Amino acid sequence: MTETLVLVGTAKGLFSLRSTDGRRGFELEGPALVGEEVYATCIDGRGASTRLLAGSVSMHWGPIVRRSEDGGRSWIEEDEATVAFPPGTEASVARIWQLTAAGADQPDVVYAGVEPAALFRSDDGGRRFSLVEGLWDHPHRPQWNPGGGGLCLHTVLVHPGDPDRLLVAISAGGVYLSDDGGGSWRASNAGIVAAFLPGAPIPEFGQCVHKVARDVGDPERLYLQHHDGIYRSDDGGASWAPMASIAGVDFGFPVVAHPTRPDTAYLFPLQGAEYRCNPDGRCVVWRTSDAGASWSALTDGLPQADAHLTVLRDAFSTDGDDPAGLYFGTRSGEVYASADDGDSWQLLAAHLPPVLSVRAARIA
Amino acid sequence: MEISVRVPAALRQMVGGRPVLAFDLVDGATVDALLDAVAADHPALERRIRDEQGALRHHVNVFVGDEDVRSLDGSGTVLQPDDEVSIVAAISGG
């Protein structure tokens, strides 16, 4: 039997939403990992059975990556630290911000993005990770500065046609690209305006990139939510150009690409750098179907009065299905879902702790 | 010398549910040496107490008797025979 699984990482543990009736109804389970902040989860369906990974941090007992081989009913903790800086770095992992499975051609490779900003790679499905030293040794690193959430590496994209082509994004360092599997890296922020920095409007690095997503039809096309702007790249991240503004509200955290429909992506704009809630008390997801030339407001089923919601960078995701299931969680503990590409929405859960991360997939 | 370590309830599943562990250390051993011994026997427990660079985690308190080691010599505090060391979660959170 297949089910749609939604992992909801919160500030107080990991919740699960499961549907076995084609996404009409979901049952809430949890919390697991009680009391821990869950910033990153991964639903890895590359193997014969689905493996789940969860990166969490206890205020007291530190960060940890666990895995589940039974769909999230139980979680395994390795004896040795799964993600840890090696001796000589004088750094220690504060949070795990991202867990990304590589492509099917690298079935055991998983990347972890952490705070302080660094990339780790696992070659055994997430049991043990090693520091990607090429990025750690980059001469820009001492000049990266933390955003509000900390100095985090929050986005890892593996090129679907070439596993050696990697993109990472750092708040606030910007976009970095590698063409050799992580051995060497170059900043790639041409076109992204950093209005919050003095000096040149488009520095080589230092942009506060909030999230990057890859178009499903064209692997060279990327969508980027910056601190105060929305951008697109058509050359694999080498250069960036502004997308059409969404009514002048271009702040936000997440960006999600449609899993099957090219040129289609979703944003959740927030009002300004200070307030950081959806504008005017109206909860609106915006969708483009023409790669950012225009945007449509999606409101059916979402609260349109007195709703002051924030969706963080990893709290908006798709289940990869067709039509796309879309899921976002809020800092006020709600989870909304759409089973029809965003045309309509329903409230799946409320009164949860603040939602930090959402991942979804149909699993066997 | 024998040193006992009191394990907080939140971490006891990592040591088979035992509330107290015992370690046989050389005379003059420090808290760091004790935690090295903990790491050898129970690595999953030790890394909840110290980070990967060997520093005590900010919100973990280690007491020797009723003294917080941060008010002594930190993890370099020298232990005495029959000391009891307690691992305690700081009263922090939200």
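These notes cover the structure that comes with them. (Residues numbered from 1 in each chain as written. Chains lettered and ligands numbered in written order. Predicted model: local features only at pLDDT ≥ 70, side-chain atom pairs only at ≥ 80, totals over all residues.)

1. A look at the overall build of chain B
Along chain B, the regular secondary structure elements total two helices and five strands. Secondary structure elements of chain B, listed N to C terminal, follow the sequence β-β-α-α-β-β-β. Here chain B has a C-alpha radius of gyration of 12 Å; the compact-globule value for 94 residues is 12 Å, and the two agree. Projecting the C-alpha coordinates of chain B onto the three principal axes gives extents of approximately 40 × 30 × 25 Å. A buried classification covers 28% of the 94 residues belonging to chain B. Residue pairs in contact within chain B that sit at least 24 positions apart in sequence constitute 52% of those at least 6 positions apart. (Helix = DSSP H or I, 4+ residues; strand = E, 2+ residues; numbered from the N terminus. Rg over C-alpha atoms; globule rule 2.2 N^0.38 Å. Buried ≥ 20, exposed ≤ 12 C-beta atoms within 10 Å, placed from the backbone. Contact = placed C-beta atoms within 7 Å.)

2. Topic: unusual backbone geometry
For residues that are not glycine, phi is negative in most cases, and the peptide bond is trans in most cases. Residues and elements named next belong to chain A. The omega torsion across E115 and P116 is 0°, close enough to zero to call that bond cis. Here P116 is to be found in the loop between β8 (110-115) and β9 (118-122). Going from D322 to P323, the amide bond is cis rather than trans, its omega being 0°. Take P323: it is sitting in the loop between β23 (316-318) and β24 (326-329). For E90, which is not a glycine, the phi torsion comes out positive at approximately 55°. Mapped onto the elements, E90 comes out in the loop between β6 (62-68) and β7 (95-101).

3. Quick word on the sheet that holds strand β2 (residues 13-19) of chain A
All names here are of chain A. An order of β3-β2-β1-β27 is seen for the four strands of this open sheet, with the pairing classed as antiparallel. In this open sheet, the two strands that pair with only one neighbour each are β3 (27-32) and β27 (355-363). When the angles between neighbouring strand axes are averaged without regard to direction, this sheet yields 20°. Note: β2 against β3, four bridges, orientation antiparallel. (Pairing = 2+ DSSP bridges. Axes fitted to C-alpha atoms, helices over the stretch in contact; angles between N-to-C directions.)

4. So, the interface of chain B and chain A
Listed by partner, the interface residues are 14 residues for chain B and 12 residues for chain A. For the side of chain B that touches chain A, the element with the highest residue contribution is helix α2 (residues 43-49) of chain B, accounting for four residues.

5. Quick notes on the nonpolar core
Nonpolar side chains in soluble globular proteins generally cluster together in the buried interior. Judged by nonpolar contacts, the single largest core of 109 residues is most densely connected at V83, I96, A112, F120 and V212 of chain A. Apart from the residues lying within four places of it in its own chain, the contact partners of V83 of chain A are V65, V93, I96, A112, V114, F120 and F129 of chain A. (Core = buried A, V, L, I, M, F, W, Y, C linked by C-beta atoms within 7 Å.)

6. What to know about the sheet that holds β23 of chain A
Residues and elements named next belong to chain A. Here we have four strands laid out as an open sheet, ordered β23-β24-β25-β26, and antiparallel in their pairing. Single-partner strands in this sheet number two, and they are β23 and β26 (346-349). The sheet shows a mean angle of 25° between the axes of neighbouring strands, taken without regard to direction. Where β24 lies against strand β25 (residues 335-338), four bridges are found, and the strand directions are antiparallel. Considered in β25, the bridge of G329 is made with V335.

7. Brief notes about helix α1 (residues 31-41) of chain B
Taken together, the buried positions of α1 of chain B are V31, L34, L35 and V38 of chain B. Along the long axis of α1 of chain B, the arc covered by the buried residues comes to 95°, so they all point the same way. (Arc of directions from axis to C-beta.)

8. Some points on the environment of D179 of chain A
Residues and elements named next belong to chain A. Its place among the elements puts D179 in the loop between β13 (174-178) and β14 (186-187). With 15 residues separating them along the chain, D179 and D164 place their C-alpha atoms 5.4 Å apart. Ignoring anything within four residues of it in the chain, the contact list for D179 reads D164 and R165.

9. Thoughts on the environment of E36 of chain A
Residue and element names in this part refer to chain A. Here E36 is to be found in the loop between β3 and β4 (37-44). Residue class for E36 comes out buried when judged on the 26 C-beta atoms lying within 10 Å of it. Each C-alpha atom of the pair E36 and S58 lies 4.6 Å from the other, and the pair is 22 residues apart in sequence. Sequence-distant contacts of E36, defined by excluding residues within four places in its chain, comprise G13, S56, V57 and S58.

Purely geometric stuff here, so don't read any function into it on its own.
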